[in-house]
Amino acid sequence: MNRSKLSHLRQLEAESIHIFREVAAEFEKPVMLYSIGKDSSVLLHLARKAFHPSPIPFPLLHVDTTWKFREMIEFRDNLAKEYGFDLLVHINADGVEKGIGPFSHGSALHTDVMKTESLKQALNHYKFDAAFGGARRDEEASRAKERVFSFRSENHRWDPKNQRPELWNLYNARVRPGESIRAFPLSNWTELDIWQYIYLENIPIVPLYLAKERPVVERDGMLIMVDDDRMPLKDGETPEMRSVRFRTLGCYPLTGAVESTASTLPEIIQEMLVARTSERQGRLIDKDQAGSMEKKKQEGYF
Amino acid sequence: MSAHTQTAASEIDQYLKGQEEKGMLRFITCGSVDDGKSTLIGRLLWDSKLLFEDQLATLTAESKRVGTQGGDIDYALLLDGLQAEREQGITIDVAYRFFATDKRKFIVADTPGHEQYTRNMVTGASTADIAVILIDARKGILTQTQRHSFLVSLIGIRKVVLAINKMDLVEFKEEIFNKITKDYQEFAGQLGFETIQPIPLSALKGDNITAKSENTPWYNGPALLDFLETVQINETKLDQPFRMPVQWVNRPNLDFRGFSGTIASGTIRVGEGIVEPSSGQTSTVKEIVTFDGNLEEAFAGQAVTITLNDEIDISRGDMLCALQDRPATADQFEAKLVWMNEEELLPSRNYILKLGSSSTLARISSLKYKVNVNTLEHTATKTLALNEIGICNLALDKAISFDPYAENRQTGSFILIDRFSNATVGAGVIDFALRRADNIHWQSVDIHKEARSEQKGQKASVLWFTGLSGSGKSTIANLVEKKLHSKGKHTYLLDGDNVRHGLNKDLGFTDADRVENIRRVAETSRLFVDAGLITLVSFISPFRSERQMARGLLEDGEFLEVFVDTPLEICEERDIKGLYAKARAGEIKNFTGIDSSYEVPENAEIIIDGSKASAEDAADQIIGYLETKGFI
């Protein structure tokens, strides 16, 4: 390696580690939001790097909507065992009691109750003053302006018009009791950076990212995988086996698959380099209306 | 593995090897409102093929709906992230955009051109390696161009691209390009740029963006992207002396004690000597630890954990430095300060100063002048408002280590945080250390505070009376002093009005002067407490932070805040001095309770209900408190 230059991935890595250490040093009770997706996998890997040889000095929190792909949950539990991190799983018990789900109540209400509300419940319950997230600025227009240390009010709201200026690598970690900071170590990473880094560092990811024959139905132009028998099939709908993979992972009824034969990381990266659709395209919740992500974030959605 | 995957694997291996060599460049684009900044960045994203079909579909639809290009694709829409801003048709915050070529990954800070947003530009420039300054070829150099260039230079950027845009609208005329270039070079002479690269562009049409344009055969320089891909950056960072602010002490067990941080400059090898300059302790490097194995050598930009051969006391906020070439360590320095908050700077107020990993209290000990960003003229000033830039001296609570910003952007920059609102209110770059403080040592004396207090049969303390004008503070304080005196106690009463006739007669009633007023009184009462006196201070003292500052000057338990809680209506009704009437009539400005705020104490030791208690009762309540707590 050229001694005088760190490659872009090593620079991004160092920047993320710096952010992890700042938060660990400045806050009393940080937590890492762990969504099991590829960005979370990179986040976890970087956290292990940042504190080595110490263990990660904060717990991981998974907000389980109960509608995640089964393979995600399996992956999560195996990894927790293998790495020995402290895993907290939170499910919105009210939502479960009311039987909230994406099929019965629609994506908006389901996401609001089982994800946004549930996250707030967990943050309030454990009284975390900082929460790491895996969001990247390249994901969506409103994220491009979000700070690395992003302030949240007592109600977990983000105020895009009133953000703290953020200069150099000096982060303002001051909050009053009840307020918190969302910290985004992957702010400056792009989707391609993430994949390259996963390959370079051999980071474990959920197999759903790799193409395989899976049972899917086509709905509203999206390929939805039939992951369990809770999915009601419409008249004339029969799941068919197609070679698909996922570019993002979330609740299976809300996550569109893409047809692909890329069954290895190199193939995925190759596909990325000629990709014609951005990764959020597979997410139903962004499509509601222009600016929808911004609205959700103000309300406290990650 | 199939033959197909093998090919993919080897191709990707090749590709990833190339990526290992790929560098990163951060740049900022600055220009006035209609210079076409957003269009330029949109164009770079477009031309580096970083747009996806669905983004294009959205862009096309949005261009028709709200675009400014008459239905043609409006690249600027890609950049305007927030909905409200999009509707106003302007960007008003810093947004970061990403694109990559085979040679480099680029991070672009897009910042607005409006005057009121100096804050955002300085923010975007703080992490940038170079700046792209846009100029509309039809307009030439504007006041804004000068302002942007000054800010870019202030923040330490030494290489700029002069992007002379909209050349298509002046028929790609060479004379126009040459004239603007010459004008700029003349003006920028004083700004200390190393490189100025003028490029004739049309962001909208794509001329000289990724490739040399046929429309400018007279131009021999690089296309914009060529320049961005090849311009040298960070050449000197490795040759600078070693600096690593300690972020986090890594202690997994009793056998391991490492110091984690990101190397700000220079290189370090196992066995080399280091010093922690604020304590002067030295040691040698035992190991450079990373998750991927120990290193023999580490350099600027890497995040590592260093262990030492000696057990020395180092914690977050300290800095590991080269033995031979140490930073300055001082509690005073001169700096250029950019004010970033709607609430103006209050000299004498203590702010939290964050530099590297250290946080300390700091105040502006002298504000020399402010700089007009348009004319670069200096003007005397007592404060700084939002987006103003001042040259000032700062005095810190304790000595910290730093370098002049011109030598090191990482260890020479700081932010100021308001302790009460927690807002980031200022950003500064250090010019040089001031050594004066080193020459004024505390005179240690044999007779100390305790001895003086004991002789008087009391525990020295401050009774700090706060409340609105007319709340009854002075009346009660007077009575308390009488009662203490009759008990043979030694007291002194500092009254707001009286002090303003002497010690503080040079001060008015602006926020800045009010803060200084309180600072002087707090320092005076500290001396009186040192003399063993029970000191009564009767001041409106409307701001929480200044009362907190006074409290901070004294030892724990010496400061007793007495909140005379009388509602505004009652105070105004009493209006003993006739001041409320004048304030209501507009004859007095900045009157507390009328057009200046009073921040109610949160943790007062004694609260007097001024609407119910008589002065006599209130005085007894206070004497009772002093007796129970053992002050008298």
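Residues numbered from 1 in each chain as written. Chains lettered and ligands numbered in written order. Predicted model: local features only at pLDDT ≥ 70, side-chain atom pairs only at ≥ 80, totals over all residues. Heavy atoms only, no water.

(A) Looking closely at the overall build of chain B. Helix and strand counts for chain B stand at 16 helices and 27 strands. Its C-alpha atoms put chain B at 100 × 65 × 50 Å along the principal axes. Relative to its 632 residues, chain B shows a buried fraction of 56%. Side chains of chain B carry 70 positive and 91 negative charges; the gap between the two charge centres is 3 Å. (Helix = DSSP H or I, 4+ residues; strand = E, 2+ residues; numbered from the N terminus. Buried < 20%, exposed > 50% of the residue type's maximum accessible area, 1.4 Å probe, protein only. Lys, Arg positive; Asp, Glu negative; His and termini not counted. Charge placed at Lys NZ, Arg CZ, Asp CG, Glu CD.)

(B) Focus on the pattern of salt bridges. Following the criterion strictly, the structure yields 60 salt bridges over all chains and no others. Between Arg-219 of chain A and Glu-237 of chain A there is a salt bridge, and its shortest N-O distance comes to 2.8 Å. Taken together, the residues Arg-219 of chain A in strand β7 (residues 212–219) and Glu-237 of chain A in the loop between β8 (222–225) and β9 (240–245) connect sequence positions 18 residues apart. On the basis of relative accessible area, Arg-219 of chain A is assigned to the buried category, the value being 13%. Residue class for Glu-237 of chain A comes out buried when judged on its relative accessible area of 15%. Between Arg-547 of chain B and Glu-561 of chain B there is a salt bridge, with its nearest N and O atoms 2.9 Å apart. Residue Arg-547 of chain B is located in helix α13 (residues 544–553), and its partner Glu-561 of chain B is located in strand β26 (residues 559–565); the two are separated by 14 residues in the primary sequence. In this pair, the class of Arg-547 of chain B matches that of Glu-561 of chain B, namely buried. In the salt-bridge network here, residues are joined through shared partners; they are Arg-10, Glu-13, Lys-49 and Glu-201 of chain A together with Asp-292 of chain B. (Salt bridge = Lys/Arg side-chain N within 4 Å of Asp/Glu carboxyl O.)

(C) Up close: helix α5 (residues 118–126) of chain B. Residues and elements named next belong to chain B. Burial analysis of α5 places nine of its nine residues in the buried class, the great majority of the element. Taken as a whole, α5 has its buried residues at Thr-118, Arg-119, Asn-120, Met-121, Val-122, Thr-123, Gly-124, Ala-125 and Ser-126. Those residues of α5 that are buried lie in contact with β1 (23–30), β2 (95–100), β3 (104–110), α6 (143–154) and β16 (328–339). (Contact = heavy atoms within 4.5 Å.)

(D) Quick peek at the side chain of Ser-525 of chain B. Residues and elements named next belong to chain B. Of note, Ser-525 is situated in helix α12 (residues 511–530). A polar contact of 2.9 Å, which involves the side chain of Ser-525, links it to the backbone oxygen of Ala-522. Those residues in contact with Ser-525 that sit more than four places away from it in its chain are Val-462, Trp-464, Leu-494, Thr-535 and Val-537. (Polar contact = N/O pair within 3.5 Å; in protein donor to acceptor, adjacent residues only side chain to side chain.)

(E) Focus on the sheet that holds strand β8 (residues 248–253) of chain B. The antiparallel open sheet is built from seven strands, whose spatial order is β7-β15-β11-β12-β14-β9-β8 (chain B). This sheet does not close on itself; its edge strands, each paired only once, are β7 (243–245) and β8 of chain B. If you compare each strand with its neighbour and ignore which way they point, the axes differ by 40 degrees on average. For β7 of chain B and strand β15 (residues 319–322) of chain B, the ladder comprises three bridges, and the chain directions are antiparallel. What sits directly across from Met-244 of chain B, in β15 of chain B, is Leu-320 of chain B. On the sheet, helix α1 (residues 8–26) of chain A packs against β8, β9 (256–262) and β14 (303–308) of chain B and is oriented at approximately 60 degrees with respect to β14 of chain B. (Pairing = 2+ DSSP bridges. Axes fitted to C-alpha atoms, helices over the stretch in contact; angles between N-to-C directions.)

(F) Local environment of the interface of chain A and chain B. Taken together, the contacts link 74 residues of chain A with 88 residues of chain B. Counting every contact that joins chain A to chain B gives seven salt bridges. Here chain A and chain B share 29 residue pairs in polar contact (both at pLDDT 80 or more) between them. Listed by contribution, the elements that provide at least two residues to the side of chain A that touches chain B are α1, α2 (38–51), α6 (191–201), α7 (265–273) and α8 (292–299) of chain A. Counting residues per element, the side of chain A that touches chain B draws most heavily on α1 of chain A, at 13 residues. Looking at the side of chain A that touches chain B residue by residue, the class counts come to 29 nonpolar, 22 polar and 23 charged. (Nonpolar A, V, L, I, M, F, W, Y, C, P; charged D, E, K, R; others polar.)

(G) Here's a closer look at the side chain of Lys-105 of chain B. Mapped onto the elements of the fold, Lys-105 of chain B is located in strand β3. In terms of polar contacts, Lys-105 of chain B uses its side chain to reach the backbone carbonyl oxygen of Asn-188 of chain A, at 2.8 Å.

(H) Spotlight on the sheet that holds β3 of chain B. All names here are of chain B. The sheet built from six strands is open, its strands ordered β2-β3-β1-β4-β5-β6 with mixed pairing. A strand with exactly one partner marks an edge of an open sheet, and here the two such strands are β2 and β6 (195–200). In this sheet, neighbouring strand axes are inclined to one another by 25 degrees on average, regardless of whether the strands run parallel or antiparallel. Of the strand pairs in this sheet, strand β5 (residues 159–165) and β6 are connected by six bridges, and their pairing is parallel. Residue Val-160 lies in a different strand from β6, and its bridge partner there is Ile-196. Across the face of the sheet, helix α2 (residues 37–47) comes into contact with β1, β2, β3 and β4 (130–136) while running at roughly 30 degrees to β2.

(I) Seen up close, the pairing of β4 of chain B. Residue and element names in this part refer to chain B. With seven of seven residues buried, β4 is to be regarded as a mostly interior element. The two faces of β4 match: Ile-130, Val-132, Leu-134 and Asp-136 on one face and Ala-131, Ile-133 and Ile-135 on the other face are all buried. Alignment of β1 against β4, held across four bridges, turns out to be parallel. Bridged to Ile-28 within β4 is Ala-131. Pairing of β4 with β5 involves six bridges; the strand directions are parallel. Bridged to Asp-136 within β5 is Asn-165. You can see the chain leave β4, run along α6 and come back into β5, and the turn it takes is right-handed. (Right-handed = clockwise from strand over helix to strand, strands pointing away.)

(J) Examining unusual backbone geometry more closely. Note the cis peptide between His-52 of chain A and Pro-53 of chain A, where omega equals 0 degrees. Tracing the chain through its elements places Pro-53 of chain A in the loop between α2 and β2 (60–63). The phi torsion at Phe-172 of chain B lies on the positive side, around 50 degrees, for a residue other than glycine. For Phe-172 of chain B, a relative accessible area of 14% puts it in the buried group. A positive phi angle, near 35 degrees, is found at Ser-541 of chain B, a position not held by glycine.

(K) Broad picture of helix α5 (residues 102–126) of chain A. All names here are of chain A. Compared with an ideal rise of 1.5 Å per residue, which puts 25 residues at 36 Å, α5 spans 27 Å between its outermost C-alpha atoms and falls more than 12% short. For α5, the principal kink sits at Ala-108 and spans about 80 degrees. Following α5 by one or two positions, Lys-127 has its phi on the positive side, about 55 degrees. (Expected span 1.5 Å × (residues − 1). Bend = angle between axes of the 7 residues up to and from the residue.)

(L) Highlighting the packing of aromatic side chains. Scanning all chains against the criterion turns up 32 aromatic pairs over all chains. Look at Phe-99 of chain B and Phe-106 of chain B: their rings are 4.8 Å apart centre to centre, the planes differ by 20 degrees, and that puts the pair in the stacked class. In this structure, Phe-99 of chain B and Phe-106 of chain B share a single accessibility class: buried. With a centroid separation of 5.9 Å and 80 degrees between ring planes, the pair formed by Phe-177 of chain B and Tyr-219 of chain B is classed as edge-to-face. Residue Phe-177 of chain B is found in helix α7 (residues 174–188), and its partner Tyr-219 of chain B is found in the loop between β6 and α8 (224–230); the two are separated by 42 residues along the sequence. In this structure, Phe-177 of chain B and Tyr-219 of chain B share a single accessibility class: buried. Taken together, the ring pairs connect Phe-20, Phe-51, Phe-58 and Phe-132 of chain A together with Trp-248 of chain B into an aromatic cluster. Directly above the ring of Phe-128 of chain A sits Lys-29 of chain A, whose terminal nitrogen or CZ lies 5.4 Å from the centroid. When the ring centre of Phe-509 of chain B is taken as reference, the NZ or CZ atom of Arg-500 of chain B above it lies at 4.0 Å. (Phe/Tyr/Trp six-rings, centres within 6.5 Å; stacked < 30°, edge-to-face > 60°. Lys NZ or Arg CZ within 6 Å of the ring centre and 35° of its normal.)

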